[in-house]
Amino acid sequence: MKHLSIISLISFFAMISLQADEAAKWQGYVTQYTKLSAKYQKALGTAQVRLKKSKAQLAKNPSSAKWQGYVKKYSSLTKKYQKALSTAQTRLNKAKAKLASVSGGNTGGGKPVNTNLSAEELAMLKDIKTQKSLKLDHTKVLTVNKCADCHKREVQVWKKTPHSLTFKDLHKRKRAKQIQKNLGMSGSIKRNDLCYNCHYTRDEVRGKPKVISGVSCESCHGASQDWVEIHNDKTIPRAQRIPKAMAKGMNNTDDVYLIAQNCYQCHSIPNENLVNVGGHKAGSDAFEIVRWSQGMVRHNFVRGNNTANFKSTPERLRVMFVAGAMLDLEYSLRGIALATKKGRYFDSMMKRSNVAFKRLMAVNKKSGGVSEIQELLTLFKGLNFNNKKDLAQAADFITIKARKFTKNHDGSKLSSLDGVLPPEKSYKWKPTPRK
Ligand code: HEC
Ligand code: HEC
Ligand code: HEC
Ligand code: HEC
């Protein structure tokens, strides 16, 4: 069993904490007063030794003006350093207490979070990673036309969303051109391999990959060549058919984690250069899976017997909401781990992780305590943000916990969360106008 050490015990001085600015300030004071205390402690020791020596010399030569002078000098210095030391120590203690309070009681020296993963969990992680990649295998893309054979209403809905519309207008937008220019790139945006993984779908056309649509069915549900014949084959019981389709690359909607993590891969931008140099947005502002999936994007016609666009049940939305908050934390940690310098990208990812953390705290409080969430909260508080390896491992740990959460909960016991779920009127119903 591999131990994933999340907390570095010596992270004390390096820790950037929950409220990054506040914590950084108090961390600065802790460092400053620790140094000062050490300095005065040393000076005090020297003064005391010299005072003792001078006193001994004076005892031997009671009338020596020289030794009288030294005794006077070193007793005054001793007093001065005692006072300075005491002040520095008082301030050090105050700063430590402040730091502990702003960083959630954890200053890096706390009990390490148990991040042991079982063999089963490690296998799970491996399995998830193979399904994770955003990159669609263009040789296995069948395009929206294929889905339209049976999912016409879904296609109609999709056509009105920015996922589809981006195909027609992204390359014409000023902003897009500016981003390319900032990056020192030229040529067609549709052929820019930095852009097409997130904005487009490619298919194999006459032996070559070609962009054929925006973010398509398969961007979210997986390139379909190997699973499309399986997923609707009613001669096989659903309980066998769906896992089979998933093994062939389908992001099935039964698996809330899988379908949600897709969104976060694109909507948190895992590319520092694209943001800092290109000027691309550092991810969607306040992306939240329920709000963003249940408005204009929703296309639940299978559940609606092919006639109505079914609203997901409150039970499902609760699970989605929690999984989304976990994913937000996961992807912001992955983003921080990718950052190589201070800047807009790093700042956005730090901010995002704080927001996700606070949302999880609120969810946890409301729900009366969900063990998977609690584990993440403890993990986050003890995290050393300066250690990239720790951050990446923490993100993997969250993957597992979020995955387990979606498997262990059907939402029926989470009704206490309804108060924190986004209301329908806050859903994304309309595309944001773009320049
Ligand atoms: C030949 C018809 C057909 C085609 C083509 C087809 N589907 Fe389906 N799809 C179905 C049927 C029928 C169901 C409902 C299956 C069930 O009830 O178990 C379904 C269900 C789904 C589901 C819901 C998940 C589930 O299992 O409940 C998704 C997602 C999906 N299809 C995506 C796609 C995508 C993406 C494409 C295009 C690449 C596509 N389908 C092409 C017939 C089709
Ligand atoms: C990791 C995924 C990802 C990559 C890579 C990516 N984008 Fe985006 N882009 C997005 C998402 C998600 C949005 C929507 C952001 C929002 O919610 O406002 C977006 C929005 C945009 C917008 C509109 C937002 C605005 O600021 O006006 C432009 C323009 C844009 N992208 C251009 C590009 C170009 C050009 C490239 C390639 C050089 C690129 N993007 C690469 C994911 C990506
Ligand atoms: C942006 C990502 C995304 C895109 C693009 C997308 N889907 Fe989905 N799809 C989802 C999500 C998320 C759900 C589950 C929503 C829910 O549970 O409320 C879903 C659900 C479904 C379902 C199951 C609906 C039900 O009633 O259970 C089908 C079928 C489906 N999608 C087909 C398609 C087809 C066909 C397209 C292309 C026209 C498409 N999807 C495009 C994300 C996407
Ligand atoms: C393959 C990348 C990709 C995936 C996966 C993806 N999106 Fe998007 N999404 C985009 C891009 C790119 C845009 C912006 C398109 C533009 O404006 O040019 C966008 C825009 C949106 C918008 C419109 C936002 C606005 O302000 O107009 C919504 C809502 C949205 N996505 C929801 C989702 C949800 C929910 C999921 C997951 C179920 C998801 N997306 C998955 C790339 C993606």
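One can find the structure itself at the top, above this paragraph.
Residues numbered from 1 in each chain as written. Chains lettered and ligands numbered in written order. Predicted model: local features only at pLDDT ≥ 70, side-chain atom pairs only at ≥ 80, totals over all residues.

Time to look at helix α15 (residues 314-338). Helix length check: α15 (25 residues) gives 36 Å between terminal C-alpha atoms against 36 Å at 1.5 Å per residue, within 8%. By the criterion of burial, α15 is predominantly enclosed, with 20 of the 25 residues buried. (Helix = DSSP H or I, 4+ residues; strand = E, 2+ residues; numbered from the N terminus. Expected span 1.5 Å × (residues − 1). Buried ≥ 20, exposed ≤ 12 C-beta atoms within 10 Å, placed from the backbone.)

Right, let's get into the nonpolar core. Counting residues in each nonpolar core, the largest one holds 51 residues, and the members touching the most others are Ala260, Met320, Phe321, Ala323, Met326, Leu329 and Leu360. Discounting residues that sit within four places of it in the chain, alanine 323 has contacts with Val256, Tyr257, Ala260, Ala402, Phe405 and Thr406. One finds Val30, Val71, Tyr74 and Ala88 within the second-largest nonpolar core, a separate group that totals ten residues. (Core = buried A, V, L, I, M, F, W, Y, C linked by C-beta atoms within 7 Å. Contact = placed C-beta atoms within 7 Å.)

Moving on, we get to the site of ligand 4. Taken together, 21 residues sit near ligand 4, with Thr166, Cys263, Cys266, Ser293 and Thr432 positioned nearest. Counting only elements with at least two residues in the shell around ligand 4, the list comes to α6 (162-169), α8 (196-199), α9 (217-221), α12 (256-267) and α14 (289-293). In the shell around ligand 4, the residues fall into eleven nonpolar, eight polar and two charged. (Near = placed C-beta within 6 Å. Nonpolar A, V, L, I, M, F, W, Y, C, P; charged D, E, K, R; others polar.)

Let us look at helix α16 (residues 344-367). Between the first and last C-alpha of α16 there are 34 Å, a value that for 24 residues agrees with the 34 Å anticipated at 1.5 Å per step. Looking only at α16, the buried set comprises Tyr345, Phe346, Ser348, Met349, Met350, Arg352, Ser353, Ala356, Phe357, Leu360 and Val363. One or two positions beyond α16, positive phi appears at glycine 368, with a value near 80 degrees.

Another point: the packing of α16 against helix α17 (residues 371-381). Between α16 and α17, whose axes approach to 10 Å, the crossing angle comes to 140 degrees. Taken as axis vectors, α16 and α17 run oblique relative to one another. Our pair here, α16 against α17, has a crossing hand that is left-handed. Residue-level contacts link Phe357, Leu360, Met361, Val363 and Asn364 of α16 to Ile373, Gln374, Leu376, Leu377 and Phe380 of α17. Looking at the contact of α16 with α17, its residues break down into eight nonpolar, two polar and no charged. (Axes fitted to C-alpha atoms, helices over the stretch in contact; angles between N-to-C directions. Parallel < 35°, antiparallel > 145°, perpendicular 65-115°, else oblique. Left-handed = near helix turned anticlockwise from the far one by under 90°.)

Taken together, 18 residues form the shell around ligand 1, and within it Cys147, Cys150, Cys217, Ser224 and Asn232 come nearest. Secondary-structure elements contributing two or more residues to the shell around ligand 1 are α4 (143-148), α9, α10 (228-231) and α11 (238-247). Ranked by residues supplied to the shell around ligand 1, first place goes to α9 with three residues.

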